[in-house]
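# A closer look at the structure
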Amino acid sequence: MKFKKFLRLSWVQDFLSWIISIYIKFCYHSSFWVVKDEFKVKEIISRNKKVIICFWHGNLLMTPFCWNFNKEFFMLISSHPDGKLISKAISYFQINTIPGSSSKNRLSSTKLLLKLINQNKIIGITPDGPRGPRMKVKRSLSSLAKSTDAVILPLSVCAKYKKYLKSWDRFSFAFPFNKFSVVWGNPVNWNKKKTFEKHSMEVEKELFRVTKLSETFTD
């Protein structure tokens, strides 16, 4: 318990977040990267569409390097202490964070999310975070898409050499001198004919597809 309190001290989290950012940069610069279907995100941006990018919580580590477009990016991160550590780490990559999380069928920080999406800011969300169930898209993402008419764009990042941690999301911890693959999925749109369940299933199915595809490109 004392050790957990120590890890949550502000100066300790600042130091750890800096170490994490250095490690992520080292992994990136020491590795070979394959990027597939990047034209999909470029096309959506060129059309000035509202966009929500989603990826599984377990594949979060290297996602900061997937965004290299000239458009401001905001990522929804849990306000839990572990989330604050992640938030500080990705701030080194010029990525803004929104404190909050998706919980059951509700999304915290909804007002801020709606405001940013309507300003055409790019939003990143882990639809199975922050506590699962693993690789299961929550209804809250579809509700947000309906409210803003935003396009959901699935994304997957996979490493050839990795270790799955014993966490609820089987967090993928990547190693340096690696091979990474990034796969952008097909956009999923909301329309009045869809139910929340159908829309969520479409997003989930596409996330599974790009996840499997990104794994094949690292072989």
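Above this text sits the structure in question.
Now for a quick tour of the structure. (Residues numbered from 1 in each chain as written. Predicted model: local features only at pLDDT ≥ 70, side-chain atom pairs only at ≥ 80, totals over all residues. Heavy atoms only, no water.)

### Describing the nonpolar core
Judged by nonpolar contacts, the single largest core of 32 residues is most densely connected at Ile53, Met62, Trp67, Met75 and Trp184. Secondary-structure elements contributing two or more residues to this core are helix H2 (10-29), helix H3 (39-46), strand S2 (51-54), strand S3 (73-77), strand S8 (151-159) and strand S11 (179-184). Sort the elements by how many residues they give to this core and S8 lands first, with five residues. (Core = buried A, V, L, I, M, F, W, Y, C linked by side-chain atoms within 4.5 Å. Buried < 20%, exposed > 50% of the residue type's maximum accessible area, 1.4 Å probe, protein only. Helix = DSSP H or I, 4+ residues; strand = E, 2+ residues; numbered from the N terminus.)

### Points about the side chain of Glu204
Among the structural elements, Glu204 can be located in helix H7 (residues 196-216). Once residues within four sequence positions are removed from consideration, Glu204 is found in contact with Trp56, Met135, Lys136 and Val137. (Contact = heavy atoms within 4.5 Å.)

### Some points on the pattern of salt bridges
In the structure shown here, the tally under the stated rule is eight salt bridges. Among the ionic pairs, Lys88 bridges to Asp14, the shortest N-O distance being 2.9 Å. On the criterion of sequence distance, the pair formed by Lys88 in helix H4 (residues 81-90) and Asp14 in helix H2 is long-range, its members being 74 residues apart. On the accessibility criterion, Asp14 (37% relative accessible area) is partly exposed. Across the salt bridge formed by Glu72 and Lys121, the nearest N and O atoms sit 3.0 Å from each other. Within this pair, whereas Glu72 is found in the loop between S2 and S3, its partner Lys121 is found in the loop between helix H5 (110-118) and strand S7 (122-125), the two being separated by 49 residues in sequence. The partly exposed category is assigned to Glu72, whose relative accessible area is 37%. You can call Lys121 partly exposed: its relative accessible area is 23%. (Salt bridge = Lys/Arg side-chain N within 4 Å of Asp/Glu carboxyl O.)

### Here's the deal with the packing of aromatic side chains
Applying the stated rule across the entire model yields 13 aromatic pairs. Pairing Tyr28 with Trp33 gives two aromatic rings, centres 5.2 Å apart and planes at 55 degrees, and the pair type is tilted. Judged by relative accessible area, Tyr28 falls into the partly exposed class, the value being 28%. What makes Trp33 buried here is its relative accessible area of 19%. A network of ring pairs unites the aromatic residues Tyr28, Trp33, Phe65, Phe93 and Phe180 as a single cluster. Just above the ring of Phe93 sits the side chain of Lys25; from NZ or CZ to the centre is 5.7 Å. Sitting over the ring of Tyr164, Arg170 keeps its end group 4.2 Å from the ring centre. (Phe/Tyr/Trp six-rings, centres within 6.5 Å; stacked < 30°, edge-to-face > 60°. Lys NZ or Arg CZ within 6 Å of the ring centre and 35° of its normal.)

### Here we look at H7
Counted at 1.5 Å a residue, the expected span for H7 with its 21 residues is 30 Å, and the 31 Å between its end C-alpha atoms agrees. Those residues of H7 lying buried are Phe196, His199, Ser200, Val203, Glu204, Glu206, Leu207, Val210, Thr211 and Ser214. One side of H7 holds all its buried residues, which, seen down the axis, span an arc of 165 degrees. Away from the buried face of H7 by more than 90 degrees, exposed residues Lys205 and Lys212 are located. (Expected span 1.5 Å × (residues − 1). Arc of directions from axis to C-beta.)

### Points about empty space enclosed by the protein
Taken as a whole, this structure holds two cavities of 30 Å³ or more when the rule is applied. Along the walls of the largest cavity sit Gly58, Asn59, Leu60, Leu61, Met62, Val157, Cys158, Ala159, Ser172, Ala174 and Phe180, which together make up its complete lining. Of all the secondary-structure elements, those providing two or more residues to the lining of the largest cavity are S8 and strand S10 (172-174). Here the lining of the largest cavity is built from residues that sort into eight nonpolar, three polar and no charged. Its volume calculated, the second largest cavity comes out at about 50 Å³. Lining the second largest cavity are Ile53, Phe55, Thr63, Pro64, Cys66, Trp67, Phe73, Met75, Ile95, Leu155 and Trp184. (1 Å grid on protein atoms, 1.4 Å probe; cavity = no way out; pocket = protein on both sides within 12 Å on 5 of 7 lines; lining within 4 Å. Points joined across faces, edges and corners; volume = space filled by probe spheres on them. Nonpolar A, V, L, I, M, F, W, Y, C, P; charged D, E, K, R; others polar.)

### Overview of a nonpolar patch on the surface
On the surface, Phe15, Trp18, Ile19, Ile22 and Tyr92 cluster together into a nonpolar patch covering about 470 Å² of accessible area. In this structure, Ile22 sits in helix H2. On the basis of relative accessible area, Ile22 is assigned to the partly exposed category, the value being 40%. (Patch = residues over 30% accessible without salt bridge, like charges linked within 9 Å, V, L, I, M, F, W, Y side chains within 5 Å. Areas by Shrake-Rupley, 256 points an atom, 1.4 Å probe, with all protein chains shown as cover.)

### Observations concerning the sheet that holds S3
Taken in spatial order, the seven strands of this open sheet run S1-S11-S8-S2-S7-S3-S4, and their pairing is mixed. The sheet terminates laterally at strand S1 (32-36) and strand S4 (96-99), the two strands that pair on one side only. Each adjacent strand pair in this sheet contributes to an overall mean axis angle of 25 degrees, direction not counted. When S2 meets S7, the two strands line up parallel, connected through three bridges. The residue bridging Ile52 from the neighbouring strand is Ile123, located in S7. Along the sheet, H7 makes contact with S2, S8 and S11, crossing S8 at roughly 25 degrees. (Pairing = 2+ DSSP bridges. Axes fitted to C-alpha atoms, helices over the stretch in contact; angles between N-to-C directions.)

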